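As a plain string of letters, each chain reads:
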Amino acid sequence: MQSELLKQVKAYFMALQDTICKGLEAADGKAQFVEDSWQREEGGGGRTRVITNGNVIEQGELITLMYVVPLCRALPLHIDLSLQDVVSMHVVYR
């Protein structure tokens, strides 16, 4: 189950991707992003958006992804962590 903070962080990055895509589409004036949403069996997922053949942008890609990785059991012995899992959130622009 996702914590409220994690949900807020995820929503922020998804909204950031929306804002960037809308801005680039407006600047290009022709091309629009095509979206592919996906999920990982291990947990997490993301949205990949690709734009091609625009007036200004020949090809571009924005990826927002999140995944959950089980925390190594030995790690909390060496540092003060109370987390069960480590969540990784990435926004990739090409």
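What you see is a predicted model, and the numbers here were worked out from it, not measured in a lab.

Give a detailed account of the overall build of the chain, specifying residues and quantitative values.
Broken down by element type, the chain carries two helices and four strands. From first element to last, N terminus to C terminus, the chain shows the α and β order α-β-β-β-α-β. Of all 94 residues assigned to the chain, the portion counted as buried reaches 26%. Sequence separation of at least 24 residues holds for 41% of the intrachain contacts in the chain that already meet a minimum separation of 6. As presented, the chain carries roughly 6800 Å² of accessible surface, and 55% of it is formed by carbon and sulfur atoms.

I'd like a description of unusual backbone geometry, backed by residues and values.
Even without being glycine, Asn53 reaches a positive phi, approximately 55°. Checked against the element boundaries, Asn53 lands in the loop between β2 (45–52) and β3 (59–70). For Asn53, a relative accessible area of 57% puts it in the exposed group.

Tell me what's going on with the packing of aromatic side chains, and back it up with residues and numbers.
Given two aromatic rings, one states the distance between the centres and the angle between the planes to describe the pair. Overall, the coordinates contain one aromatic pair when judged by the stated rule. Seen from their ring centres, Tyr12 and Phe13 are 5.3 Å apart, and the 80° between their planes marks the pair as edge-to-face. Relative accessible area serves as the criterion here: at 51%, Tyr12 is assigned to the exposed category. Here Phe13 falls in the partly exposed class, since its relative accessible area comes to 24%.

Please set out the confidence of the model for the chain residue by residue, giving values where relevant.
Mean pLDDT over the chain works out to 77, with 68% of the residues at or above the 70 mark. Highest mean pLDDT in the chain belongs to strand β1 (residues 34–39) (93); lowest belongs to helix α2 (residues 75–78) (51). Scored below 50 in pLDDT, residues 79–85 makes 10 contacts in the model with residues more than four places away or belonging to other chains.

Criteria and cut-off values
- Residues numbered from 1 in each chain as written.
- Predicted model: local features only at pLDDT ≥ 70, side-chain atom pairs only at ≥ 80, totals over all residues.
- Heavy atoms only, no water.
- Helix = DSSP H or I, 4+ residues; strand = E, 2+ residues; numbered from the N terminus.
- Buried < 20%, exposed > 50% of the residue type's maximum accessible area, 1.4 Å probe, protein only.
- Contact = heavy atoms within 4.5 Å.
- Areas by Shrake-Rupley, 256 points an atom, 1.4 Å probe, with all protein chains shown as cover.
- Phe/Tyr/Trp six-rings, centres within 6.5 Å; stacked < 30°, edge-to-face > 60°.
- pLDDT = per-residue confidence, 0-100.

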